[in-house]
Structures are given as structure tokens and as C-alpha cells.
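Analysis of the macromolecular model
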Amino acid sequence: MRTRIQSLSVALLTGLLLLPPGAGRAQPADAAIPVGIAPVQRRVISKALDFVGRVEAVSRVEVRARVVGYLEAVEFKEGDLIKEGAPLYRIEPELFEAAVKQAEGALQRSKAGLKLAEIQFQRAQELLDRNAGTVVARDQARAAQEQSLAAVMTDEGNLQTARINLGYTQITSPIAGRVGRTSVTKGNVVGPDSGVLTTIVSQDPIYVTFPVSQREFLRLSQDGNRLDPSKINVQLKFSDGSIYPHPGKIDFVNISVDRATDTVLVRAVMPNPDGALKDGQLARVLLQTGEEQEKVVVPQAALIADQGGVYVFVVEDGKAVIRRIKTGGESGTEVVVDDGLSGSEQVIVDGLQRVKAGSLVRGVPATRAVTRS
């Protein structure tokens, strides 16, 4: 019996020695988690609506050859800004110059024939007046004169056509803008069937088109007032969050609603002096109605979304507390809060991955701004 008790004592002692340090002592309360916090603020901001739009050139021209011939020269540099009337392509002109000379010769011949016909008609009329000629001869001379006149008109048209075709051998830019890539090079045969040789798009100003739902139109026309596009400022926001520095104005609202999407196409005209906006580019369109209101704003980094909506963590009595909020758009790197915050709270922006509802936290001012796109 004594031996058994001694064996149990040795086993108990060995087990205690194998326990990690502090395992036999009572644990303290959970340590507070350090988090970065930022104050909720109230700011006076303009009411804004956010849409997705596409940049479109005011003028866009697809350059094509209008006559068939060998391409003698490409006279522009791809991607350059060019003026209206600038030379683009030159088609070998010799055949067209020869066609002009042939048409000029044909016209001279028909004019000579017209003079002869006029003389013959005059003589036939004089003979008829002296009863020395016949009515038939006079009528035949008149018909010959009219046929000669028609031949002159035909040859004049042929000469004009030949000159126009000669002019088409020099292809120039119909608008000012930026020229794109050429699809043909020197030495190729080009013509109307060659397709688009290059494309030119105008640069300044430039359009931005975007669809607006009927609900948004009602929001813009509150209290039954007629929507005045001239009072709405248009700003663009790029995918990296930067704001385009030149505001624009709405210049066109479509006259009909798209039945498939229940939206109306709206177009704004934007200055583009530096060429920063490119034809076909996507951008976010911010409509500023000019109505300034005081709103609660929080950093975008504080927002968390789940199936229940959007919420933030606020610090109350050293604990993280969930606050469900209703957002009302963006203002720079911050988000407007329409409901859920009063403006006096501290929200957690750093360390959210370690926080849950009710966690003890120790807030310190956030050292960096984290934004979500």
C-alpha cells in the first residue's frame, strides 16, 4: 500500500513538472486588442449621384479610299494630333491625270461639234425664210444642234468626274483630332473595297454618355420641379479613385426611355484640353446638383458588408460595437452615412480582421488611410 501511494505521488509530481508555466494559475481577462480608429465627422457636401458612363468622341471619322490605285505614300504618324485638311494618304495620280486630259479632249471635240451644228441650223433657217429650203432640213439641223449641246453637257460632266477622282488620290483629314493606326502601307492597292484605312477621333471637347434610371430622375426632380440640366455639374472619377479636374455640363437628354432597362440616356460635354479622356473609356460619372447639406461621413476603410447589409465597428466603453448604417454615396475617399451614426462616434479602420462584436479594444489614432474601391 505504501509503495502504491509513493508511485502515485511520483506520477503526480511528474505531471505537474510537465505542465507549461502558468498552467496552474487562473487566467486574466482577455487582453484589449489594439486597433486604429478614426472620428466620424459631419461635413457640408453637395448632393451627388453616381453613374457609370462611357467616353465618346464628338466626331469620329473612318477614312476610306474612294478610288482604286496604288498607295504611293502614308503621310502621317500614327497617334498624332492632326489638323483638318492634313494629308493622310497619296494614291498614284498619273492614271487619273490622263483621264482628266481625255475628258478635256472629248469636251473640246463636242464643243466644236456644237458650233458646227449651230451654224448649220442658222443656214437652214435662212434658206427656209427665203423659200429656198425645206422645213425638214431645218428641223434636222435643229435636232443636230440639240444633240451637240447634250454631248457638250455629257463631256462637261465626264471632265468634272475625272477631276474629282484625281482629287481623291490625295486623301486628307476631314476633321481635326487624333489619328489612329493605319491598316495599309505604301505599295498596296487600295480602293472602296479596302475597308477602313485609319480612324480619326476629335479630342476637345468630348462626350460622356450614361444611363439614368427613372427613379433617379424623380430624385433629381423633387417637389415636381422641372429638371434643369444647366444647374447640374458633372465630374468624372477614374478607376484609381482620382477625380478628373475639368467639370462638364449636361447637353442632351434622350427623348425616349429604353424599355429593356427603364433608363434614359444622358450625355454630358466635357473639356479635354490635355487629351486625358480617350474615346471608348469607362468612367464613373458624379452629378453634383449644387444643393449643399451637412452629412455624416466615415472612411471607406471602416465599412464591412454581410448578408444583413453594411455596418461599422464603433468603440464604446472600450468594446467594439456593431452599428448598422445606410450609405448615401461617396465623397472623395469617404462614404456618406444617411442613417446609423450621429457624428460623434469613433469607428475602427485598422485591425478589423481581429475584432468581433463585444471584443475589448484599445483604440489609437489610425496611422494610415485604407480605402476600398
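Numbers given for residues are sequential positions, taken from 1 along each chain in its written order. Reporting of local features is limited, given that this is a predicted model, to residues whose pLDDT is at least 70; pairs of side-chain atoms are given and counted only at 80 or more, and all residues count toward the totals for whole chains, interfaces and linings. To get the side-chain values, take all heavy atoms of the structure and skip hydrogens and water.

Let us now look at helix 2 (residues 94–129). If you check helix 2, its first and last C-alpha atoms are 53 Å apart, about what 36 residues at 1.5 Å a residue would give, namely 52 Å. Burial classes: relative accessible area under 20% of the type maximum marks a residue as buried, over 50% as exposed, and values in between as partly exposed (1.4 Å probe, protein chains only). Numbered from the N terminus, helices here are DSSP runs of H or I no shorter than four residues, and strands are runs of E no shorter than two. The set of residues buried in helix 2 consists of F96, V100, A103, A106, L107, S110, L114, A117, F121, A124 and L128. The elements touched by buried residues of helix 2 are helix 3 (135–167). By this rule the span expected of a helix is its residue count minus one, scaled by 1.5 Å. For this analysis, residues touch if any pair of their heavy atoms sits within 4.5 Å.

Turning our attention to the packing of aromatic side chains. Aromatic pairing here means that ring centres of Phe, Tyr or Trp (its six-membered ring) are within 6.5 Å. Orientation follows from the plane angle: under 30 degrees is stacked, over 60 is edge-to-face, and everything else is tilted. Counted by the stated rule, this structure contains 4 aromatic pairs. Taking the centre distance of 5.4 Å and the plane angle of 85° together, the rings of F76 and Y89 count as edge-to-face. Highlighted residues: F76 in the loop between strand 4 (69–74) and strand 5 (81–82) and Y89 in strand 6 (residues 87–91), separated in sequence by 13 residues. Take F76: its relative accessible area is 13%, and that puts it in the buried class.

This part covers the pairing of strand 13 (residues 248–253). Inspection of the sheet shows strand 12 (residues 233–237) paired to strand 13 by 2 bridges, in the antiparallel sense. Considered in strand 13, the bridge of V234 is made with G248. Here, any two strands with at least 2 DSSP bridges between them count as paired. Where strand 13 lies against strand 14 (residues 263–270), 4 bridges are found, and the strand directions are antiparallel. In the sheet register, I250 faces strand 14, and the bridge partner there is A268.

Right, let's get into the sheet that holds strand 3 (residues 60–63). Taking strand neighbours across the sheet as the criterion, the 4 strands line up as 3-10-8-5 in an open arrangement whose pairing is antiparallel. At either end of the open sheet lies a strand with only one pairing partner, and these are strand 3 and strand 5. Of the pairings in the sheet, the one linking strand 3 to strand 10 (residues 198–201) comprises 4 bridges and is antiparallel in character. Its bridge partner lying in strand 10, R60 is registered against V201.

The next subject is the sheet that holds strand 7 (residues 170–172). As summarised here, the arrangement of the 4 strands in space is 7-6-4-9, forming an open sheet in which the pairing is antiparallel. The sheet is open, and its two borders are formed by strand 7 and strand 9 (189–190), each paired with just one other strand. The sheet contact formed by strand 6 and strand 7 spans 3 bridges and is antiparallel. When the sheet's bridge partners are listed, R90 is paired in strand 7 with Q170.

So, on to the side chain of D155. Within the secondary structure, D155 is located in helix 3. N or O atoms within 3.5 Å of each other form a polar contact, as long as, within protein, one can give a hydrogen and the other can take it, and as long as residues adjacent in sequence are counted only when both atoms are side-chain atoms. A distance of 2.9 Å separates a polar atom in the side chain of D155 from a polar atom in the side chain of S110. If near-sequence neighbours (up to four positions away) are discounted, D155 is found in contact with A103, A106, L107 and S110.

This brings us to the nonpolar core. F210, M270, L277, V285 and L287 are the most contacted members of the largest nonpolar core, which has 21 residues in total. Of all the elements in the fold, those that place two or more residues in this core are strand 2 (41–57), strand 11 (206–213), strand 12, strand 14 and strand 15 (282–299). Ignoring any residue separated from it by four or fewer positions in sequence, one finds F210 in contact with F51, V52, G53, V264, L265, V266, A268, V285 and L287. We define the nonpolar core as a collection of buried residues of types Ala, Val, Leu, Ile, Met, Phe, Trp, Tyr and Cys that are connected through side-chain atoms lying within 4.5 Å of one another. Of all hydrophobic cores here, the second largest spans 18 residues; its members include L88, Y89, F96 and V179.

Here the focus is unusual backbone geometry. That bond from D204 to P205 is cis: its omega, 0°, falls within 30 degrees of zero. Among the secondary structure elements, P205 is positioned in the loop between strand 10 and strand 11. For N131, which is not glycine, the phi dihedral falls at a positive 60°. Take N131: it is sitting in the loop between helix 2 and helix 3. With a phi angle near 55°, D262 is a residue other than glycine that sits in the positive phi range. One can find D262 in the loop between strand 13 and strand 14.

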